[in-house]
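Chains, contacts and geometry: an overview
Here's the letter readout for the chains.
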Amino acid sequence: MNDANPPSPATVDRPALRRVAGSVLVGTTIEWYDFQIYGASAALVFAPLFFSGADPALATILSFATFAVGFLARPLGGVVMGHFGDRIGRKKVLVLALLLMGAATFLVGVLPTSSQIGVWAPILLVVLRLIQGFGVGGEWGGAVLTAVEYAPKNRRGFYGSMPQVGVPAGLLLATAVMFGTKALTGDQFLVWGWRIPFLLSIALVAVGLYIRTTLEETPAFARVKQQNTAVKIPMVDAFKNYPRQIILAAGSMISTGAYFYILNTYSLTYADQFDLLSGNLMLGAVMVSALVAVIFIPIFGQLSEKFGRRRILMVGITGMGLWVFVAFAAIDTGNFWITTGALAVGAFMLSISYGPQATFIAELFDARVRYSAASIAFQIGVLLGGAIAPMVAAMLVRATGGSFAVAVYIAALSVISLISVYFVRDTDLDEGSRDMYIDDNGAYLPPVDQRSTVVN
């Protein structure tokens, strides 16, 4: 790309847009495969392998605690990689994020268990989980901006949904690999079979790196460099100029993250704990729900262009807060088909809000700080919601003996997200998106807020 005359989204040809969408989707699918394979393993195998000396219920909580640790590193990854994404470009940071995730995931696959090296096993597991979290913390923002900053104005919702599709696509791939590995290795799954999904990550990362190195920088970032309007410390500038938008964007994510990880990760443990459904059957139900999300997330992303992102988000968040009661009631029946249907409808509810959510957050900030601001808002929201959700659910079930308290917990988080979205003003979205596109006369619209210190 020639930075002296970067293209606008209106002049990017359709094949180039398809390449961008494809590269973002494949890259995020691989990243989230790595992240989700850990979640499935935390639910199925880590408790007996890395916390073998603890009470089974406590071992489950400790296993999910290591899962939560990855979320603690995600905001840090968002801050550090967001800084460099706003300073040196989206592409380089995306490549680094993929390398970190792939290396950490592969190393989990060769990690000795507690029976072999004692307490060092869970310690090293936590270290690798932190690296995973750091990598994925920088992944989301770069992938979203690569898609959205290339998109024409009336297709931002659709292209912005591509990184979101990568989450259930990664879940689908991870669950399918875990399911196949369990079936092939049988009794040896807990011995060595569980390592296979982690080791396969190295091949997927090689594919992702090849795809990502072919990307060019986005038109919006190229304009920032051309106009010499980059800021010295984007995160500081973001909190100075957009504090309310960051808080509200984070709040909008809390319920989505919790809902997703409760139904797709904790439900595996819950069904097994109460002898409702076997691990294989629950994995099958989760695979069906992931496929539903893959189909409907881009549909609702595009529908947000017609009906408005705030309205679509509020409908979806409300649906999740209500449907979680039905989903757990279905799991409690112990019937595979009822459970699968409930999780599939649950994935549909998730898709309503998750489809436009990335574009909704990206449009709140201008291009000079967008990577940093969008990343930290998203990761804080997921940290407060999804990070601790499986662990909180395990503790609630242990204390109450049932799932109703878990559903109430998700419903309460949904109220927080609804309030957050409600207080995002339409003017916030308009202001934040101006510098992303050209105006009606074909002229590039410069950054709106000129209060920041500009690098000379």
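Residues numbered from 1 in each chain as written. Predicted model: local features only at pLDDT ≥ 70, side-chain atom pairs only at ≥ 80, totals over all residues. Heavy atoms only, no water.

**Things to note about the packing of aromatic side chains**
Considering all chains together, one arrives at 17 aromatic pairs under this definition. Their ring planes at 35° and their centres at 6.5 Å tell us that F296 and F300 sit as a pair that is tilted. Here F296 pairs with F300, and both are found in helix α15 (residues 279-307), just four residues apart, close to one helical turn. By relative accessible area, F300 is classed as buried at 11%. Taken together through their ring pairs, the aromatic side chains of F46, F50, W194 and F198 make up a single cluster. (Phe/Tyr/Trp six-rings, centres within 6.5 Å; stacked < 30°, edge-to-face > 60°. Helix = DSSP H or I, 4+ residues; strand = E, 2+ residues; numbered from the N terminus. Buried < 20%, exposed > 50% of the residue type's maximum accessible area, 1.4 Å probe, protein only.)

**Quick notes on a nonpolar patch on the surface**
Together, I117, V119, W120, I123, L124, V127 and I131 make up an exposed nonpolar region whose accessible area comes to about 580 Å². Examined against the element boundaries, W120 turns out to sit in helix α6 (residues 120-148). Taking the relative accessible area as the measure of exposure, W120 reaches 53% and is therefore exposed. (Patch = residues over 30% accessible without salt bridge, like charges linked within 9 Å, V, L, I, M, F, W, Y side chains within 5 Å. Areas by Shrake-Rupley, 256 points an atom, 1.4 Å probe, with all protein chains shown as cover. Salt bridge = Lys/Arg side-chain N within 4 Å of Asp/Glu carboxyl O.)

**Considering the environment of P112**
Its place among the elements puts P112 in the loop between α4 (90-108) and α5 (114-117). By relative accessible area, which is 27% here, P112 ends up partly exposed. Here the alpha-carbon distance between P112 and L49, two residues 63 residues apart in the chain, equals 9.2 Å. The residues touching P112, leaving out its near neighbours within four places in the chain, are F50, I117, A121 and R195. (Contact = heavy atoms within 4.5 Å.)

**Remarks on the side chain of T265**
By the secondary structure assignment, T265 is in helix α14 (residues 243-273). On the accessibility criterion, T265 (2% relative accessible area) is buried. Setting aside residues up to four positions removed in sequence, T265 forms contacts with G39, A43, F64, F67 and F260.

**Thoughts on the nonpolar core**
Across soluble globular proteins, nonpolar side chains have a tendency to be buried as a group. If you look at the biggest cluster of nonpolar residues, it comprises 126 residues, and the most contacted ones within it are F46, F50, W194, I262, Y266, F328 and I361. No other element matches α14, which puts 15 residues into this core. Non-local contacts of F328, meaning those with residues more than four positions away in its chain, are made with I262, L263, Y266, Y270, S403 and V406. Among the nonpolar cores identified, the runner-up in size contains five residues, and I30, L98, V205 and L209 belong to it. (Core = buried A, V, L, I, M, F, W, Y, C linked by side-chain atoms within 4.5 Å.)

**Here's the deal with helix α20 (residues 404-422)**
Given a rise of 1.5 Å per residue, 19 residues ought to cover 27 Å, and the 27 Å separating the end C-alpha atoms of α20 matches this to within 8%. V406, A407, Y409, I410, L413, S414, S417, S420 and V421 are the residues of α20 that are buried. One side of α20 holds all its buried residues, which, seen down the axis, span an arc of 155°. Residues of α20 that are exposed and angled more than 90 degrees away from the buried face: F404 and Y422. Looking at the buried residues of α20, the elements they touch are α14, α16 (309-332), α17 (336-362), α18 (370-387) and α19 (389-400). (Expected span 1.5 Å × (residues − 1). Arc of directions from axis to C-beta.)

**Description of the pattern of salt bridges**
Evaluation of the coordinates by the stated rule reveals three salt bridges. Between E363 and R156 there is a salt bridge whose closest N-O contact spans 2.6 Å. Linking E363 in the loop between α17 and α18 with R156 in helix α7 (residues 156-160), this pair joins segments that are 207 residues apart in sequence. What makes E363 buried here is its relative accessible area of 3%. Among the residues examined, R156 registers a relative accessible area of 7% and is labelled buried. Across the pair R309 and E305 runs a salt bridge whose closest N-O atoms are separated by 3.4 Å. Of the residues examined, E305 reaches a relative accessible area of 26% and is grouped as partly exposed. One network of salt bridges, with partners in common, ties together R156, E305, R309 and E363.

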